[in-house]
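Here's the letter readout for the chains.
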Amino acid sequence: MHDSFLTFRGFRYLSFAGLLMLGSVVAYFWHSPVTAPNGGTWLGYTLGTIGAVLIIWLTLFGYRKRTYNNRVGTLRGWLSAHVYLGGSLIIIATLHTGFQFGMNIHTVAYVLMMIVVLSGFFGVYAYLRYPTLMTRNRASTSRESMLEEIAELDEECIKVADRIDSKVHQMVLRSIERTRLGGGVFSQLFAHDGAKDAVEKTKEMLDKVKETNERPQTAEMPTMFAMVDFLSGAGGQESEKLRQLLDLLSRKKSLASKVAKDVQQQAMMDIWLYFHVPITFALLGALTAHIVSVFFYW
Amino acid sequence: MAEVFEIAVVGSGPAGLSAAARAAEAGVSHVLLETELHLSNTIYRYQKGKHVMAEPDILPLRSPLDFVAGPREAVLGAWDKGIAHHKTNVYHQNEVIAIEKQSDQFKLTVKGGGEIHAKSVVLSIGLQGNFRKLGTPGEDLPFVQYTLDDPDEYADETIMVIGAGDAAIENAVSLAKQNRVIIVNRRDEFARAKDANEAAILKAIEDGKVEVFYNTTIERVDAVEGAEKPGKIVLNTPDGQAEVELDRIIARLGAIPPRRFVESCGIVFPNDDPASVPEITPKYESNVEGLYIIGALAGYPLIKQAMNQGYEVVEFIKGNDVEPADEPLLRSKFQEMPGFTTVHDALVKVQNNVRLLAPITELQLREFMLDSDVRTPVPGEKIFSINDYTNTFFSIVEGQVNIVVDEETGRTISLGAGEFFGEMSLISGRRRSATAIAGQGAVLIETPRRTMNKLINSVDAVKRVIDEAFIMRVIQSRFAPDTPANKLQDIVAAATIQNYRAGDVLFEEGESGDCIHLVRVGSLTISRTIGGREVVLSYVPAGNYVGEMALLGDNTRSATAKAAIATETIQLDGEAFKQLLLREPELRLRLQAEYRQRAAANLSMEAQPEGGDVISFLVAQGVGEATDILLIDEALCVRCDNCEKACAETHNGTSRLNREAGPTYATVHVPTSCRHCEHPHCMKDCPPDAIHRAPNGEVFIADNCIGCGNCQRNCPYGVIHMSAQMPKKPGILQWLMFGRGPGPGQDPAGKKKAKGEKKAVKCDMCKGIKGGPACVRSCPTGAAIRISPEELSSYAQSLS
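Residues numbered from 1 in each chain as written. Chains lettered and ligands numbered in written order. Predicted model: local features only at pLDDT ≥ 70, side-chain atom pairs only at ≥ 80, totals over all residues.

Caption draft 1: Focus on the overall build of chain A. Looking only at helices and strands, one finds 11 helices and 0 strands in chain A. Here chain A holds 298 residues, and 30% of them are scored as buried. Put simply, 77% of the contacts in chain A that link residues at least 6 apart link residues at least 24 apart. (Helix = DSSP H or I, 4+ residues; strand = E, 2+ residues; numbered from the N terminus. Buried ≥ 20, exposed ≤ 12 C-beta atoms within 10 Å, placed from the backbone. Contact = placed C-beta atoms within 7 Å.)

Now the structure itself:
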């Protein structure tokens, strides 16, 4: 019942694009111009015109997507056609160049087009890969409810820490301050959350304390050691509270990394558009310059 | 002896105000008795600036007071002015606690001991505004309130919420965001509240957001002069007396039903239904002579109706036989009827001819007719077609109507004057089961679903007649199309209507049983236990039957039938049905063929238990009562929210769906969006009757919504919200070329808050937009689809 844009109407646009590409390739090899193949032959002009029209039409997808009352086909059909016909540009435009590249505006237009198409391919990959991963990662909750739970766990942690020691309280507070989800492009893309180090290292230290009963001496993690110190020397009730705190911290950590992963996956599905769309506009500029200059120097 | 007024009006709501003003205008000695210091307490208590609507539009206003739609302040201001202008005699702070008939006059006892005498009494106390008070000293201090309009109005206060019901809990939890809140519970638990509310308050208490006193009663409330906090409350706790200084007390102790008071005046109610209203004559007189009832208490909740009645009742008391305000409207409705003379005669004719309407009063009939339409279709005209989603009810006043019971053979049965049709869709909430074609000289009354349901629920006789006809017709159409009605009497007589709640079991796998269930409202799931696990095999929507196998030989149930939602079935007795099978050998063959098909489908589902899991999941989400539901395949959804954007862009800037919210099973996600229920919960209590079902099944809210929010509260799926009209956006090219925002898909209000009156908005399935729902049409990846429950089984199979 759900029909993906890739399989739309039994691969209607894949067949269409395939025919277009096949036709171009056949024509290219069948055609033997006087000079080397280039954009100036009749086939070159034909392929160039097809390519230019395609580029303009592909750009109009952005317009179609935003005109919500538009009844020219469905958006799914448009995307299907956009993907397959956009892909066919690689063949059409490359054949149009006749493999003549140089340091000029024409090649700039070609390179920009390739970037747009390839970023689009990455988009298709992201659209195929991340939706399922995202659903699996979220496991029936929403990002909002995970964030709410994190906030609750933070509160709980502080409450428990309060009952132990001011040093531990300080440490939990710092850990909460350090937990940052989302943020800039890079921290989104690399699923960075400040919450994870704390717990992992605490656990490590705990194990070490148990094994060697030795006090680790690392300058960067004084709060952790303060806690471990405390734990090794603490009486039954305090260590119980500490364990409780560790449980809370680990739960929070796993949630925080889930949220970070969620943000990352969303970012992967969005990031390519920040190349795809602006470069499309650069491409339109370069394409205009390419066409004008070709006719100007004719 | 004190003055004897001609008319005493009790209660200064719209009805009472209008009556008193009319009496003043006409120079009749009168008094208007009001408990509060202000007039019209219910509307006075509305939230500040709330828009008051003047529905129904078609009804003219007939009152000395002005009333046009507008903000609460303007409406109240106009009334205050009108009351002053007509020099109306108002006694404030006169709460009437008893009305007693003494020979030719009434004695009204006022709280505090006063007495007022009047020849006639107009009771217009409404249904609301009788909040139960604390019942302790200080209950009327200014910082003690019994309602809460907007919890965000209060910040940094110490507020004590008294009560343990839903209202108290909701208030306490929402106030706790920016105040110190203490809740006082007379008992030791919050069991009276809804589960969600109970969980919410216990969590708030656990988190320390709300403080609580259990097993605590209130001793008194004191005002404190000059202190930081204006008040102090003294509580009797299990540990002794406690005093708390506070800014505000919000007591949510419910409303006292006025019924006890009304009955104490000698007025009789027709039945025990708490929603029932006293019976009154066309002149609004109750069974107590000289005691008149108007307004909401008489069953007329709309302001304009109530005001008109106020005017009319005074005229009636004066002895003027005024034409009711609805007379011209009814006249124009009946105009089409052949041989029309007067409205009264037409009404009499309707009642004489249509036995279904015989037991109702003339006033009820007037209102019934006001909502209904008289139709005189030419012979051969289609009244409705099979599979239409309309759900109006038709009564035949004159002439004939032919019902096409079998589309293939074109076989029809004809109905004559006095009969009715259209009850199948009315009851089941599903599509029309047959086509109706007008015959010779047909004069019909077409009644909307809500009006008909109101009648069915208030008049038992009407319900009984419709139920019997329903059973007869459903047996005829499903099992015995060729058998005349008189031969089905035995099976109809033995049939019973069974009610099930969601999750109730009709019969269990392995049980022996010999009855058939025809689902008339709701739906069922059929499941089997395989390997210790329940596997859902199919879903049975209304209009279908289960359990026939037991009558075809094998009398052990092969599967379990469970109600997916609140369900009503017609249970057909096994013996009587077997008799029918003997008489109708073809029926046996047909049932066997259907059974074989069903068994094959069940087998294929058993082979793919994941499909059954999807059905169980969807049924648990209330798909069982849906007619059309939006589903998202999360394996395809790229979370672009284009569905929401498209919805907002095609519907005045407010999206009616929330993609992310809602549960997910495997990759099937049910977003928060309207399912267009068979029996829409939102329609239940819509004062202006603004929610309708379009012929294609879309449930939509019309423009005459008054913004009361009832539908929002009644929707169990949270798909309705209140929204103001959004500002218009610049076009896409202006946005693209000149940066004029907000752009397509962006919030039209921008940073500004949307202003203006709020109305309810919900999905209308883009009715009126060609090409189908915008959410599905604008999904770039094919993740969003809409399906109807009939497609559930094939949908489940397509996933596995």
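Caption draft 2: Structural view of the environment of Val546 of chain B. On the secondary structure map, Val546 of chain B appears in strand S31 (residues 545–546). Non-local contacts of Val546 of chain B, meaning those with residues more than four positions away in its chain, are made with His517, Leu524, Ile526, Val540 and Ala561 of chain B.

Caption draft 3: Examining the sheet that holds strand S20 (residues 393–398) of chain B more closely. All names here are of chain B. On the basis of which strands lie adjacent, the open sheet formed by 4 strands has the order S18-S25-S20-S23 and antiparallel pairing. Either end of the sheet is taken by a strand with one partner, and the two such strands are strand S18 (373–375) and strand S23 (420–421). As defined by bridge partners, S20 adjoins S23 across 2 bridges and the pair is classed as antiparallel. From the neighbouring strand, Ser395 faces S23, where its bridge partner is Phe420. (Pairing = 2+ DSSP bridges.)

Caption draft 4: Broad picture of the sheet that holds strand S11 (residues 180–184) of chain B. Residue and element names in this part refer to chain B. The 5 strands are arranged S9-S16-S10-S11-S12 in an open sheet whose pairing can be described as parallel. The open sheet has two edge strands with one neighbour each: strand S9 (144–145) and strand S12 (210–213). In this sheet, strand S16 (residues 248–251) lies alongside S9 in parallel orientation, the contact comprising 2 bridges. Residue pairing for S16: Val144 is matched across the bridge by Ile249. The strands touched by helix H4 (residues 166–175) are strand S10 (158–162), S11, S12 and S16; relative to S10, the strand with the most contacts, the crossing angle is about 165°. (Axes fitted to C-alpha atoms, helices over the stretch in contact; angles between N-to-C directions.)

Caption draft 5: Expanded view of the nonpolar core. Residue and element names in this part refer to chain B. Residues Ala8, Val121, Val122, Ile294 and Cys775 are the most contacted members of the largest nonpolar core, which totals 192 residues. The dominant element in this core, judged by the number of residues it contributes, is helix H7 (residues 303–318), at 8 residues. Look past the residues within four positions of Ile294 in its chain and what remains in contact with it is Ala15, Ala19, Val122, Ser124, Tyr284, Ala306, Gln309, Gly310 and Val313. Listed in part, the 30 residues of the second largest apolar core include Val161, Val173, Phe190 and Phe213. (Core = buried A, V, L, I, M, F, W, Y, C linked by C-beta atoms within 7 Å.)

Caption draft 6: Looking closely at the packing of helix H5 (residues 143–162) of chain A against helix H6 (residues 166–178) of chain A. Residues and elements named next belong to chain A. In contact at an axis separation of 8 Å, H5 and H6 are set at 165° when each is read in the N-to-C sense. The orientation of H5 with respect to H6, classified from their angle, is roughly antiparallel. Note that H5 runs across H6; the crossing there is left-handed. Residues Asp154, Cys157, Ile158, Ala161 and Asp162 of H5 touch H6, and the partners they reach there are Val168, His169, Val172, Leu173 and Ile176. Among the residues making up the contact of H5 with H6, the classes are represented as 7 nonpolar, 1 polar and 2 charged. (Parallel < 35°, antiparallel > 145°, perpendicular 65-115°, else oblique. Left-handed = near helix turned anticlockwise from the far one by under 90°. Nonpolar A, V, L, I, M, F, W, Y, C, P; charged D, E, K, R; others polar.)

Caption draft 7: Molecular detail of the confidence of the model for chain A. Residues and elements named next belong to chain A. Averaged over every residue, the pLDDT of chain A is 84; residues scoring 70 or more account for 84%. The secondary structure element of chain A with the lowest average pLDDT is helix H8 (residues 196–212), at 56, and the one with the highest is helix H3 (residues 75–97), at 95. With pLDDT under 50 throughout, residues 212–221 is counted as low confidence; its partners more than four residues away or in other chains account for 5 contacts. (pLDDT = per-residue confidence, 0-100.)

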